[in-house]
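Survey of secondary and tertiary structure
Single-letter residue listing:
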Amino acid sequence: MPSRMRLVGYRPDPPVGDAFTVTGFAGAGFPEQATLRDLVTPAQPYLAGTGMVRGDRQRRHSYWLRYLRRRGGPTGPKRVCVDLLVRFTTFDYVPADVGAGPASSRQAALASFPCWGVADLSVSPHAVTAGRNPFNKFNEVGSLVFTARLEAGHGTMPAVRVGYRVHHERTTVDGVLLTPEHDEVGSFLVHSDGLFEVADRSPATRTHFLVTPVDAGVHDRPPVPLAAARRPDGARPVWHATGLTAAPAELAAPRLTPYADDTVVVTGFDGLDGPQTLTVRDTAGGQRTAMLDAATPEPGALLLAYRADPGPGRAGGVRLLLGLRFTMHRYLVAPAGVDRGTAHRPPEDGTAHVDAYYGDDPTANREAWPVLWHRGRRHTGLLQVALLVSGADGGPGPRTVRNSTGAWTRLVLTPDWEPGGDDHPPRLRIGWHASHGDDSVPVEGRLAFDVDSAGRPTLTPLDDESRRRFTVTG
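A short tour of the structure in this document, coming up. What you see is a predicted model; the values in this text were computed from it and never measured. (Residues numbered from 1 in each chain as written. Predicted model: local features only at pLDDT ≥ 70, side-chain atom pairs only at ≥ 80, totals over all residues. Heavy atoms only, no water.)

Our focus in this paragraph is the overall build of the protein chain. Each helix and strand counted, the protein chain has four helices and 31 strands in total. Across the 474 residues of the protein chain, 47% fall into the buried class. By element, 52% of the accessible surface of the protein chain is carried by carbon and sulfur atoms, the whole surface being about 22000 Å². (Helix = DSSP H or I, 4+ residues; strand = E, 2+ residues; numbered from the N terminus. Buried < 20%, exposed > 50% of the residue type's maximum accessible area, 1.4 Å probe, protein only. Areas by Shrake-Rupley, 256 points an atom, 1.4 Å probe, with all protein chains shown as cover.)

See below:
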């Protein structure tokens, strides 16, 4: 790879843990501007110098990475166990200027080798099992350190190599050597199509690391038409709202979806859509209608584990793994006078969806409509929200965890929307109610879905019972 293209934004994290420490990193990724020769190997000589900039399409990905060492073989007791999250965003590159030059040749080159990059790559320890990350089972002393670097040689696109170095010191108990001192190195690859994989054939890496997709659908790299290329000075406008509300009447009820497995019955839901339109206000008191842009989906997913401690007549605790899956969409603010209360009809031949036409001019489109922001962040809408038992929801993730304790368990999950206002946008809340055959009193609580300042989806317990029973990964 040419020396001028470097990994950007790399920030090492401070060590976490006691006797056994873990050091991750955050913010690594490709630069937002590059030349075609940096992104495609080999590049045609007459196109190699084409400037490329970050486009408007992106996908978020997360993987659950577990490092596990056992004493005495694969079935022995755990020595060290660390759960980590690998998160990153893939994005498209587009030509910075499509004015002069061999446009048809450029189009052909990008159709054969569409350019995508990686941004916001991070590897960080993740709390599991009621907020606790089981770093060290037997007071073993050592460290696990992750680093990242950009490199070529993987197909036609560069990739990010995530390296690790493990050090374990000698462990002696009562004069008996339990584990010798040893060091180990290995690596993983992060590709711009969303794939995270073990980079080498090292038996140690494949034995001691487990990679589980959470929200990590590997996608193709679709080319961008030259007409849609973003010029450096052509960023999409933004409309800052000081308040917004949604019409609750427009929301359809989700489909309740029961799941039964031996003594477990979980009633989740799917087919839930958030508000399609919002009424937004700005600092001048102006009022507009914001509409969900269904043409720009950003799929997402979170894993959450429900656990109940052992009770009377129960040999062990109950643990259920659930998958929350959804697509996020931006909102676009319509021009003054355009709202959903006006009848807008598509052409008589039915070749276009009615949502493509607004206002008096049936040829109007949303290309110039600003993106809705509220209180310093882009407001995100939701479609196709589902909360089901993982492994039974059709998405990537660990297999369904069965209830092997013999005690029956009933878990019901119910969504509801808060309409929003000046202080907060419309929000999804999920209520839950659980009962166990050996418990005298059912328990319940609420979870809050939100999007943080970096645009990442989050699911937060709102009460003590929810914090005690649920752990979120993603």
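Along the chain, arginine 330 falls in strand E23 (residues 318–333). Classification of arginine 330 as buried rests on a relative accessible area of 14%. With 39 residues separating them in the primary sequence, arginine 330 and methionine 291 have C-alpha atoms 8.5 Å apart. If we ignore the near neighbours within four places in the chain, the residues touching arginine 330 are Arg236, Met291, Leu292, Asp293, Thr296, Val371, Arg378 and His379. (Contact = heavy atoms within 4.5 Å.)

Moving on, we come to a nonpolar patch on the surface. A grouping of Val173, Val176 and Leu178 is seen on the molecular surface, where their side chains present a nonpolar patch of about 220 Å² in accessible area. With respect to the helices, strands and loops of the structure, valine 173 is situated in strand E11 (residues 171–173). Under the relative-accessibility criterion, valine 173 is labelled partly exposed at 40%. (Patch = residues over 30% accessible without salt bridge, like charges linked within 9 Å, V, L, I, M, F, W, Y side chains within 5 Å. Salt bridge = Lys/Arg side-chain N within 4 Å of Asp/Glu carboxyl O.)

Moving on, we get to the packing of aromatic side chains. In the structure shown here, the tally under the stated rule is 14 aromatic pairs. Judged by centre distance (6.3 Å) and plane angle (10°), the rings of tyrosine 63 and phenylalanine 88 are stacked. Here phenylalanine 88 lies in strand E7 (residues 78–95) and tyrosine 63 lies in strand E6 (residues 51–70), a separation of 25 residues in the sequence. Classification of tyrosine 63 as buried rests on a relative accessible area of 3%. For phenylalanine 88, a relative accessible area of 2% corresponds to the buried category. When the centroid spacing of 5.4 Å and the interplanar angle of 50° are considered together, the rings of tyrosine 63 and phenylalanine 196 count as tilted. Pair noted here: tyrosine 63 is in strand E6 and phenylalanine 196 is in strand E14 (residues 196–198), with a separation of 133 residues, a long-range link. The two residues tyrosine 63 and phenylalanine 196 agree in class, both being buried. These aromatic residues form a ring-pair network of at least three members: Phe20, Tyr63, Tyr67, Phe88, Tyr164, Phe188, Phe196 and Phe209. In this structure, arginine 54 is placed above the aromatic ring of phenylalanine 91, and the distance from its NZ or CZ to the ring centre is 4.3 Å. (Phe/Tyr/Trp six-rings, centres within 6.5 Å; stacked < 30°, edge-to-face > 60°. Lys NZ or Arg CZ within 6 Å of the ring centre and 35° of its normal.)

What follows deals with the nonpolar core. Of all hydrophobic cores here, the largest spans 43 residues; its most connected members are Phe30, Leu39, Cys115, Leu121, Leu144, Phe146 and Phe188. At seven residues, E7 tops the list of elements feeding residues into this core. Those residues in contact with phenylalanine 146 that lie beyond four places of it in its chain are Tyr10, Thr23, Gly24, Phe25, Leu65, Leu84, Val123, Val162, Gly163, Tyr164, Phe188 and Phe209. Ranked by size, the runner-up nonpolar core spans 31 residues in total, among them Val264, Phe269, Ala434 and Leu459. (Core = buried A, V, L, I, M, F, W, Y, C linked by side-chain atoms within 4.5 Å.)

We now examine the pattern of salt bridges. Side-chain pairing between opposite charges can occur once the charged atoms of the two side chains come close. Applying the stated criterion to the full structure yields 17 salt bridges. Arginine 330 is the salt-bridge partner of aspartate 293, the closest N and O atoms lying 3.0 Å from each other. Pair noted here: aspartate 293 is in the loop between strand E21 (287–292) and strand E22 (298–308) and arginine 330 is in strand E23, with a separation of 37 residues, a long-range link. Of the residues examined, aspartate 293 reaches a relative accessible area of 9% and is grouped as buried. The partner of aspartate 416 in a salt bridge is arginine 446, and the shortest N-O contact between them spans 3.3 Å. Within this pair, whereas aspartate 416 is found in strand E27 (residues 409–418), its partner arginine 446 is found in strand E29 (residues 443–451), the two being separated by 30 residues in sequence. Here the residues in one salt-bridge network are Arg60, Glu298 and Arg378, joined through shared partners.

Quick look at the side chain of arginine 54 now. Mapped onto the secondary structure, arginine 54 falls in strand E6. Of the residues examined, arginine 54 reaches a relative accessible area of 14% and is grouped as buried. Separated by 3.0 Å, the side chains of arginine 54 and glutamine 58 make a polar contact. (Polar contact = N/O pair within 3.5 Å; in protein donor to acceptor, adjacent residues only side chain to side chain.)

Attention now moves to unusual backbone geometry. One non-glycine residue, aspartate 120, adopts positive backbone phi at about 55°. Tracing the chain through its elements places aspartate 120 in strand E8 (residues 116–125). Residue class for aspartate 120 comes out partly exposed when judged on its relative accessible area of 38%. Despite not being glycine, glutamine 384 has its phi angle at roughly 55°, a positive value. Relative to the elements of secondary structure, glutamine 384 occurs in strand E26 (residues 380–389).

Just geometry here; none of it tells us what the structure is for.
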